[in-house]
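# Notes for the structure review
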Amino acid sequence: MHDELLNDFLEESIDLIEKVKVNLASWNQQENKAETIDNIYRWVHTIKGGCAIFEYKETAHIAHELETFLGTLRQKADSVTPAELKRVEEGILAIESTFNEDSTCEPIFTTEPEVTEVQAESEPNFKFKTEYFKEWMEDSEAITKDLYHDGFRFFEIKLPAALSEKILAKLQEYEVFTLDTYQKEEETFCLCSINLKATPEFEEKANLIIKHYNGNWCELIEEKPAETKVDKPVASAEAAPSSSAPVRSAPNAAVTQEVLRVPLATVNSILDHIWELFLVRNQMAHLFKENKHIFKEHLSFIQQFESIDNVIERNIHELESKTMSLRLNPIKKIFDRMNKVVSEYCNQNKKDIQLITSGEGIDLDKKVLDQLNEPLIHLIRNAIDHGVEKPEDRRKAGKPVKGRVELSAQLQGNEVCIVVGDDGKGIDAKKILESAKRKNLDVSHITNDQEAVNLIFAPGFSTAEQVTDVSGRGVGMDAVKKSIQELGGNITIETVVGQGSKFKINLPLTMSVSKCLVVDIRGLEYAFSTKSVVFVEKISVNQLKKNGEDQYYEFNGKLIPCFTLGEVLPDYREEPDLPSSYTHICVTSLNGQEVAFRVDEILQTMNIVMKPLPKIVERHKYIAGVSILPGGNPIFLLNIQECLTGIMSNKRGEFHGKRVA
Amino acid sequence: MVSASLKELFTPAHNTEEEFGEAEESVIGLYFKYGNKSYCTSINDVKEIIDFPQVIPFPVATEKTLGVFNLRGNIIPVMDPEGHLIKIQELHRSKAGAVFARMKLRLIVFEIAPEMTVAFPAFEVGKCEVSPEEAESEVSFIRINGVPHEKFDIRSVMGGNIL
């Protein structure tokens, strides 16, 4: 897991550095320079946080200095001088160079020419850089022979001492075994072995390791064997590595699954083509249907055509479904990162905290997931740094010494609700207000505690006495709120002094998959999340109880109000006046109350990836988004809660109107 | 519907000699009918012209949007700013290649900005040649076969809807 986290961090940092460079390069064209500086400040802050986790101490130090300098520029964004910009650029280049230095540091797998040959009888030649391992091999001749016959290969690596522990742990993850190590000056030398029979994708694995720590492929030091006595071809001369080429061995899918990284744009492009294929197939089917009479004498042709068409349709659906799934990632991916964040920060802050996660099974579109990462890290950092008390304080407060940080995700109607909570000291509204006043923030609009607490989202707000590697500059919560809003969501705080805080992030299901009911309402198809409903039933219209115009449905032995969704939706029925003897009832929860609503027909359930409405289209509270049905037609997704609220509001309006009349 | 500065709308066509047998610096336009009037627009913003697809009407009242359709996986809004083209019920029942009032209805797909594409319903769509003088003129119409066609700028038509 560690390698994935580190890889993600490096990728993210490189992206952020690029963003900074682009923004600096186009500084003169930037309309909102204050926002640009804020963004750069936030990105550098994120890099710094990651560096602290992964112990890039030098980089973290540079980032900290740069961040401080950027802090001064935030006060005068419109009058930043070229010299100051140059300094920022130098800072970001310095950060970049430290990553590069790390990536070009002493190769793990050395191929130094001055090697010493160690010959095992009838065994391959091994060249080792150090005399130490030559002796080791001679001393352990029997062991090495046995290992070699079992398909093991040996190589020597040289590691920077500071990183050796981390790298060795990683090697174990990749089933690379360290036989012996010794340290000399600033370097650690290791004799490693890997079982090629067990792990034929060694080259890929080794590459992964090296990418994380070196960035360069370095060849193994093991020589091609003169004679091999291994049993299986996979460990034969072909598979054995040489000094001039990395290990190449026959792929063995049964052992590990190969992974291919593909740009998102490519996946989207493939989807475009699939949908085009959908339409063409639909046109073909339509054309055939229209002209079916021509082939009425050739029934076998019609049957064969329809059979082939069914296969094409099914395969297109399958293809679309599989391709769509490429864009989805489980939220677990982020949650796993947070585990790492918590353990690292706990070490730094000398706090004992347990992270409790739930809802990891929810899938989110990669775009949403990527943008969610940064805010969640900030919230977790804040929970640890400012929320959960130190062990001695918790003991005094009668709380368990081990603090709790909760991270959960839950589908709620048309939204994903992510909660970051802690059982710490909570947020004291009075302290927040006082701090805001000291910082000359506008507090004139504050009328209650909740509004005071919300001041922590104000730009530049910070109550921390000390600016730490983790948090305390006030940039975090401002950035969190901005990122969430960019995703079309919102963030709220629930806090009780002495008991803890909960940050609730509500995100629209934009670009995320949800299981939906597809229904017909007054002649048009709509979809809504199955999370919106707790029960569905097809009933006779007579089963509904009436009181004047109001309808009630008997659910679990009690009558609950029943609304007709069609009341707020247009009528596209070809024969609108045709009465129906049955109806479909869905039961949902509205403001804590069970209510039922009617739809004309429940057509099917399906997994839907919701898309936002086109930018140019006016937004409406009843419409949560739009998606595309397997047949290629768009379908609108309803916000059931808003529709029902609208119906109730209309009814109240009518009622009051009648009373006034 | 007419933009005050339409000069930029029309750009010199590439090698018009090949297509029209003239060496003049003529420009290529697109004429079409919308409602009961004829219009001419530049091809600069036109992404493609397609047969009228199945359009899903917008379920709540909007000022300018008729509905949406799927263009290769992209949800494209169909605009009817004048609101007099076709009844929405007819639109809902329309199928690909629909014919309204005995005329073949098409959609002109405009790409106004990146990720901002709109479709505009139109009849009798065709390519035309516009003289540079007429294109650059401040006059609000262009003569095509002697018939005046109003100059059409999609950005002006969409007005405040363009972010």
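Residues numbered from 1 in each chain as written. Chains lettered and ligands numbered in written order. Predicted model: local features only at pLDDT ≥ 70, side-chain atom pairs only at ≥ 80, totals over all residues.

### Some details on the overall build of chain A
The secondary structure content of chain A amounts to 17 helices and 23 strands. Considering only intrachain contacts with a sequence separation of at least 6, the fraction spanning at least 24 residues in chain A is 67%. (Helix = DSSP H or I, 4+ residues; strand = E, 2+ residues; numbered from the N terminus. Contact = placed C-beta atoms within 7 Å.)

### Comments concerning the confidence of the model for chain B
All names here are of chain B. This prediction gives chain B a mean pLDDT of 72; 66% of its residues lie at or above 70. Ranking the elements of chain B by mean pLDDT puts helix α1 (residues 16-20) last with 44 and strand β3 (residues 46-51) first with 90. Across residues 1-23, where pLDDT falls below 50, the model places 37 contacts with residues more than four positions away in sequence or in other chains. A low-confidence stretch, residues 95-99 stays under pLDDT 50, and its non-local contacts, those more than four residues away or across chains, total 11 contacts. (pLDDT = per-residue confidence, 0-100.)

### Side note on the pairing of strand β11 (residues 147-152) of chain B
Residue and element names in this part refer to chain B. Inspection of the sheet shows strand β2 (residues 37-42) paired to β11 by three bridges, in the parallel sense. Following the sheet pairing, cysteine 40 is matched in β11 by lysine 151. Counting the residues between successive antiparallel strands, the hairpin from strand β10 (residues 141-144) to β11 contains two residues, one of them, asparagine 145, with a positive phi of roughly 50°. (Pairing = 2+ DSSP bridges.)

### Digging into the interface of chain B and chain A
The interface of chain B with chain A comprises 26 residues on the first partner and 25 residues on the second. Looking at the side of chain B that touches chain A element by element, the count peaks at four residues for strand β5 (residues 65-71) of chain B. Of the residues belonging to the side of chain B that touches chain A, the class tally is 15 nonpolar, eight polar and three charged. (Nonpolar A, V, L, I, M, F, W, Y, C, P; charged D, E, K, R; others polar.)

### What to know about helix α3 (residues 57-74) of chain A
All names here are of chain A. In a regular helix each residue adds 1.5 Å, so 18 residues correspond to 26 Å; α3 covers 25 Å between its end C-alpha atoms and thus fits that length. All of the buried residues along α3 are Thr59, Ala60, Ile62, Ala63, Leu66, Glu67, Leu70 and Leu73. With its buried residues spanning 155° around the axis, α3 presents them on a single face. For α3, the exposed residues set more than 90 degrees away from the buried face come down to Thr68 and Thr72. (Expected span 1.5 Å × (residues − 1). Buried ≥ 20, exposed ≤ 12 C-beta atoms within 10 Å, placed from the backbone. Arc of directions from axis to C-beta.)

### Remarks on unusual backbone geometry
Residue and element names in this part refer to chain B. In this structure, glutamate 124 takes a positive phi of about 45° despite not being glycine. Mapped onto the elements of the fold, glutamate 124 is located in strand β9 (residues 116-130). On the neighbour-count criterion, glutamate 124 (13 C-beta atoms within 10 Å) is partly exposed. Despite not being glycine, asparagine 145 has its phi angle at roughly 50°, a positive value. Here asparagine 145 lies in the loop between β10 and β11. Overall, asparagine 145 belongs to the exposed group, with 7 C-beta atoms counted inside 10 Å.

### Topic: the nonpolar core
A:Tyr526, A:Leu637, A:Leu638, B:Val68, B:Ala119 and B:Phe120 are the most contacted members of the largest nonpolar core, which totals 72 residues. Examining the composition of this core, we find that six residues originate from one element, strand β1 (residues 27-34) of chain B, more than from any other. Dropping the residues within four chain positions of it, A:Leu638 is found in contact with A:Tyr526, A:Phe528, A:Tyr622, A:Ile623, A:Ala624 and A:Cys643. Counting 39 residues, the second-largest nonpolar core is a separate cluster that includes A:Ile353, A:Leu379, A:Ile418 and A:Ile427. (Core = buried A, V, L, I, M, F, W, Y, C linked by C-beta atoms within 7 Å.)

### Things to note about the packing of helix α11 (residues 332-349) of chain A against helix α12 (residues 366-387) of chain A
Residues and elements named next belong to chain A. Running from N to C, α11 and α12 point in directions that differ by 30°, and their axes come no closer than 10 Å. By the criterion of interaxial angle, the relationship of α11 to α12 is roughly parallel. The way α11 lies across α12 gives a crossing that is right-handed. Mapping the contact onto sequence places Lys333, Ile334, Arg337, Met338, Val341, Val342, Tyr345, Cys346 and Asn349 in α11 and Leu369, Leu372, Asn373, Leu376, Ile377, Ile380, Arg381, Ile384 and Asp385 in α12. (Axes fitted to C-alpha atoms, helices over the stretch in contact; angles between N-to-C directions. Parallel < 35°, antiparallel > 145°, perpendicular 65-115°, else oblique. Left-handed = near helix turned anticlockwise from the far one by under 90°.)

### A few points about the confidence of the model for chain A
Note: predicted coordinates in regions of low pLDDT should not be interpreted at a detailed level. Residues and elements named next belong to chain A. Averaged over every residue, the pLDDT of chain A is 74; residues scoring 70 or more account for 73%. With pLDDT under 50 throughout, residues 102-124 is counted as low confidence; its partners more than four residues away or in other chains account for 65 contacts. In this model residues 655-661 is a low-confidence stretch, pLDDT under 50, and it forms zero contacts with partners more than four residues away in sequence or in other chains.

### Quick notes on the sheet that holds strand β17 (residues 550-555) of chain A
Residue and element names in this part refer to chain A. Judged by pairing direction, the sheet is mixed, and its six strands sit side by side in the order β15-β19-β20-β18-β17-β16 without closing on themselves. Of all the strands in the sheet, just β15 (535-540) and β16 (545-547) have a single pairing partner and so form its edges. Ignoring strand direction, the axes of neighbouring strands in this sheet form an average angle of 35°. One ladder, built from three bridges, connects β16 with β17; its direction is antiparallel. In the strand pairing of β17, lysine 545 is matched with tyrosine 552.

### Notes on the pairing of β2(B)
Residue and element names in this part refer to chain B. Among the six residues in β2, five count as buried, and that is most of the element. Note that β1 and β2 share six bridges and pair antiparallel. Note that in β2 the partner of phenylalanine 32 across the bridge is tyrosine 39. Linkage of β1 to β2, two consecutive antiparallel strands, is achieved through a turn of two residues, within which glycine 35 is found at a positive phi near 65°.

### What to know about the environment of A:Pro459
Looking at the secondary structure, you find A:Pro459 in the loop between α15 (449-453) and α16 (475-486). Sequence separation between A:Pro459 and A:Lys481 is 22 residues, and the spatial gap between their C-alpha atoms is 9.9 Å.

### Observations concerning the environment of A:Leu455
Residues and elements named next belong to chain A. Among the secondary structure elements, leucine 455 is positioned in the loop between α15 and α16. Separated by 26 residues in the primary sequence, leucine 455 and alanine 429 have C-alpha atoms spaced 9.1 Å apart. Contacts of leucine 455, omitting those with residues within four sequence positions, involve Ile432, Ala436, Leu441 and Phe461.

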